[in-house]
Amino acid sequence: MPIAVTPVQARVPFGTRARLTERLSAEKDARRAILAELFPVDPEAPAAERARISAQARAHLRALRQRGELCDSVDVLMTHAVKAELGERGWDHPWPPPPPTAPHSGRWPGSVDRAWPEAIPMRIPPELAERLQAGCVHVSMPAIVEIRALRDANPGPITPRDGAIYERYQELAAEVITPGDVLRAAVDRALDTG
């Protein structure tokens, strides 16, 4: 039975995909070494024997992946990195569902305009994606509510010429943590631990 996943993507700085490819290449080399050392297959062996060894190898690799000891795909690597990032933030616990007024996708109120030229698509477990979204919403919601009120009271662009209003907007914007922010941090974590 296939395992359910949720597709997400991290928008990242230029050069990140190349670094990720290098990291995954090293992990795939490690997988080949594990298979060669622990599960050599004699091509002349009976089919049933080869099938038994292949099944043992798959089970062994699956266990290594679950423990984070082998991260030979983007999905496995990023699942462990996102879990670690949420844990470091203290977000590795159940959250109440986000309120209906919470941002879900697209640009969040207060998020900073940046150009992220590369995208890293990944599939993570649904409960991890939900925890990521809910954590961001609940941590950011007080600032988002205040940003929305500030924008309603001050329609149009808010620029440095607006003095205290601009400064307050910048303070509130710094308190908004988007899923993209957390995913970028998880990508950095994955690349720094390789």
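Keep in mind it's a predicted model, so treat the numbers as computed, not measured. Numbering of residues starts from 1 in every chain and runs along the sequence as written. In view of the model being predicted, local features appear only for residues whose pLDDT reaches at least 70, and side-chain atom pairs are presented and counted only at 80 or more, with totals across whole chains, interfaces and linings using the full set of residues. In computing side-chain properties, one takes all heavy atoms of the structure into account and sets aside hydrogens as well as water.

A. Structural view of the pairing of strand β2 (residues 118-124). Note on exposure labels: buried denotes an accessible area under 20% of the residue type's maximum, exposed denotes more than 50%, and partly exposed covers the range between, all computed with a 1.4 Å probe on protein chains only. Secondary structure elements are defined from DSSP: runs of H or I of at least 4 residues count as helices, runs of E of at least 2 residues count as strands, and each element is numbered from the N terminus. Most of β2 sits inside the fold, with five of its seven residues counted as buried. The criterion for strand pairing is that DSSP finds at least two bridges linking the strands in question. Bridge analysis of strand β1 (residues 6-12) against β2 gives seven bridges, and the strand direction is antiparallel. In the strand pairing of β2, Thr6 is matched with Ile124.

B. Main features of the nonpolar core. Residues Met78, Val82, Leu86, Met122, Cys136, Val182 and Val187 are the most contacted members of the largest nonpolar core, which totals 39 residues. Among the elements that line this core, the one with the most residues is helix α4 (residues 126-153), at ten residues. For Val187, the contacting residues outside a window of four places in its chain are Ala10, Val12, Thr16, Met78 and Ile120. Here, nonpolar core refers to any group of buried Ala, Val, Leu, Ile, Met, Phe, Trp, Tyr and Cys residues whose side-chain atoms link them within 4.5 Å. The criterion used for residue contact is that any of the two residues' heavy atoms lie within 4.5 Å.

C. Local environment of the environment of Leu70. Here Leu70 shows up in the loop between α2 (47-67) and α3 (74-89). Taking C-alpha positions, Leu70 is 15 Å from Ala84, a pair spaced 14 residues apart along the chain. Among residues more than four places away in sequence, those in contact with Leu70 are Glu27, Ala30, Arg31, Leu61, Leu64, Arg65 and Val76.

D. View of the environment of Ala51. Looking at where Ala51 falls in the secondary structure, it is placed in helix α2. For Ala51, a relative accessible area of 45% corresponds to the partly exposed category. Taking the C-alpha atoms as reference points, Ala51 and Val41, separated by ten residues in sequence, lie 9.5 Å from one another.

E. Examining the packing of aromatic side chains more closely. Ring geometry is summarised as follows: Phe, Tyr and Trp rings, the Trp one being its six-membered ring, pair when their centres sit within 6.5 Å, and such pairs are stacked at plane angles under 30 degrees, edge-to-face over 60 and tilted between the two. All told, the structure shown has one aromatic pair when counted by the stated rule. Here Trp91 and Trp95 contribute two aromatic rings whose centre-to-centre distance is 6.2 Å and whose plane-to-plane angle is 85 degrees, an arrangement assigned as edge-to-face. By relative accessible area, which is 23% here, Trp95 ends up partly exposed. Counting as a charge over the ring demands two things of the Lys NZ or Arg CZ atom: a distance within 6 Å of the ring centre and an angle within 35 degrees of the ring normal. In this arrangement the basic side chain of Arg89 is found over the ring face of Trp91, its NZ or CZ atom lying 5.5 Å from the centre. In this structure, Arg184 packs its charged tip against the face of Trp116, placed 4.1 Å from the ring centre.

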